[in-house]
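Chain residues, written in single-letter form:
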Amino acid sequence: MANGCGCLAVGGGQAEARLLEPLVEALRFRGWDAQLCELDEPRRGAPLDAARDAYVRLAERCGGAAVVGLGAGAAVALLLAEQYPAETLTLVAPERGAQRGARALARLAERNLFAVVAPTLLVASLGGTSGVRRLLGGLSAREAHVLWTYGDCPLGVPGEASRRVIEAIVEHIRHGFDTDSLAN
């Protein structure tokens with residue numbers, strides 16, 4: 001995997017970025033160029049621009065990149081996947097973003113769901129079923145899966161539950177790159 005092994009993980013703030021650190025480390029351990037992008041103020045344009053710049057640089061350097069978003073970072077990841085040919089898209093606890101004041105950003109991301117064609121994994125709480133159905137219904141992704149979890153954010157729970165979620169995300173990202181390389 002010399003080319004096409006980049007992943008940008010977008011957290012909706014400092015706390016959410018910290019929750020993504022174990023995922024980023026797991027990807028780096030496997031030889032991926034994984035970067036963490038923390039959104040300081042997810043309701044303004046500057047953090048979106050910063051995430052966009054980080055994604056473009058990573059995708060150019062690696063020949064492709066996956067994008068993962070947590071909370072408000074999920075809305076940004078969705079926007080990136082709408083605008084760029086992301087290898088895979090993973091949205092973790094996207095309902096957290098709306099709860100934390102990034103509603104405008106989430107509404108913006110939901111306007112162009114049809115533009116998302118990357119294989120998509122949603123990691124969502126069982127309590128967020130209506131939002132997940134709305135997201136899945138609008139995507140044009142060639143492949144979409146849901147990993148249902150208990151609680152607010154599965155990456156915030158240390159131990160086996162968090163490890164399983166991280167492994168599922170890593171496998172989703174790896175499969176997305178392998179599928180593309182087999183098609184070429």
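Note: the structure precedes this text.
> Even after reading the chapter, I still don't get the nonpolar core, so can you show me in this structure?
Nonpolar side chains tend to gather and get buried jointly when the protein is soluble and globular. Leu 8, Tyr 55, Val 67, Leu 78, Leu 89 and Leu 91 are the most contacted members of the largest nonpolar core, which has 32 residues in total. Elements with a contribution of two residues or more to this core: strand S1 (6–11), helix H2 (45–62), strand S3 (65–70), helix H3 (72–83), strand S4 (89–92), strand S5 (120–125) and helix H6 (129–138). In contact with Tyr 55, not counting residues within four places along its chain, are Leu 8, Ala 65, Ala 66, Val 67, Leu 80, Tyr 84, Pro 85, Ala 86 and Glu 87. Membership of the second largest hydrophobic core comes to 24 residues, among which are Cys 5, Cys 7, Val 24 and Leu 155.

> Which parts of the structure should I look at to understand a nonpolar patch on the surface?
A grouping of Leu 126, Trp 148 and Tyr 150 is seen on the molecular surface, where their side chains present a nonpolar patch of about 380 Å² in accessible area. In this fold, Tyr 150 is placed in the loop between strand S6 (144–149) and helix H7 (160–183).

> Can you walk me through the pattern of salt bridges in this structure?
Any two side chains of opposite charge can pair, given that their charged atoms come close. Counted under the stated rule, the structure contains seven salt bridges. Of the charged contacts, one joins Arg 28 and Glu 25 as a salt bridge, the two residues approaching to 3.1 Å between their closest N and O atoms. Note that Arg 28 and Glu 25 are positioned in helix H1 (residues 14–29) at a spacing of three residues, about one turn of the helix. On the basis of relative accessible area, Arg 28 is assigned to the partly exposed category, the value being 41%. The class of Glu 25 is partly exposed, set by a relative accessible area of 46%. Of the charged contacts, one joins Glu 167 and Arg 30 as a salt bridge, the two residues approaching to 2.7 Å between their closest N and O atoms. Of the two residues, Glu 167 sits in helix H7 while Arg 30 sits in the loop between H1 and strand S2 (33–38), which places them 137 residues apart along the sequence. Connected through shared salt-bridge partners, Glu 160, Arg 163 and Arg 164 make up one network.

> How do you make sense of the pairing of S3 when you look at a structure like this?
Two faces make up the sheet, and in a regular strand the side chains alternate between them. Burial analysis of S3 places six of its six residues in the buried class, the great majority of the element. The alternating pattern of S3 places Ala 65, Val 67 and Gly 69 and Ala 66, Val 68 and Leu 70 on opposite faces, both of which are buried. For S1 and S3, the ladder comprises six bridges, and the chain directions are parallel. Paired with Gly 6 across the strands is Ala 65, a residue of S3. The sheet contact formed by S3 and S4 spans four bridges and is parallel. Bridge pairing links Val 68 to Thr 90 in S4. Read from S3 through H3 to S4, the crossover connection turns out right-handed.

> Any chance you could explain the sheet that holds S1 here in plain terms?
Hydrogen bonds between backbone groups are what pair the strands of a sheet, and the pairing can be parallel or antiparallel. What the six strands build is an open sheet, ordered S2-S1-S3-S4-S5-S6; its pairing is parallel. At either margin of the open sheet sits one strand with a lone partner, and together these are S2 and S6. Taking each pair of neighbouring strands and ignoring which way they run, the sheet shows an average axis angle of 15°. The pairing of S1 with S2 spans six bridges and is classified as parallel. When the sheet's bridge partners are listed, Cys 7 is paired in S2 with Ala 34. Running at roughly 180° to S2, H1 makes contact with S1, S2 and S3 of the sheet. Strands S1, S3 and S4 of the sheet are contacted by H3, whose axis makes an angle of about 150° with S3.

Thresholds, definitions, all that
- Residues numbered from 1 in each chain as written.
- Predicted model: local features only at pLDDT ≥ 70, side-chain atom pairs only at ≥ 80, totals over all residues.
- Heavy atoms only, no water.
- Core = buried A, V, L, I, M, F, W, Y, C linked by side-chain atoms within 4.5 Å.
- Buried < 20%, exposed > 50% of the residue type's maximum accessible area, 1.4 Å probe, protein only.
- Helix = DSSP H or I, 4+ residues; strand = E, 2+ residues; numbered from the N terminus.
- Contact = heavy atoms within 4.5 Å.
- Patch = residues over 30% accessible without salt bridge, like charges linked within 9 Å, V, L, I, M, F, W, Y side chains within 5 Å.
- Areas by Shrake-Rupley, 256 points an atom, 1.4 Å probe, with all protein chains shown as cover.
- Salt bridge = Lys/Arg side-chain N within 4 Å of Asp/Glu carboxyl O.
- Pairing = 2+ DSSP bridges.
- Right-handed = clockwise from strand over helix to strand, strands pointing away.
- Axes fitted to C-alpha atoms, helices over the stretch in contact; angles between N-to-C directions.

On their own, these measurements won't tell you what the molecule is for.
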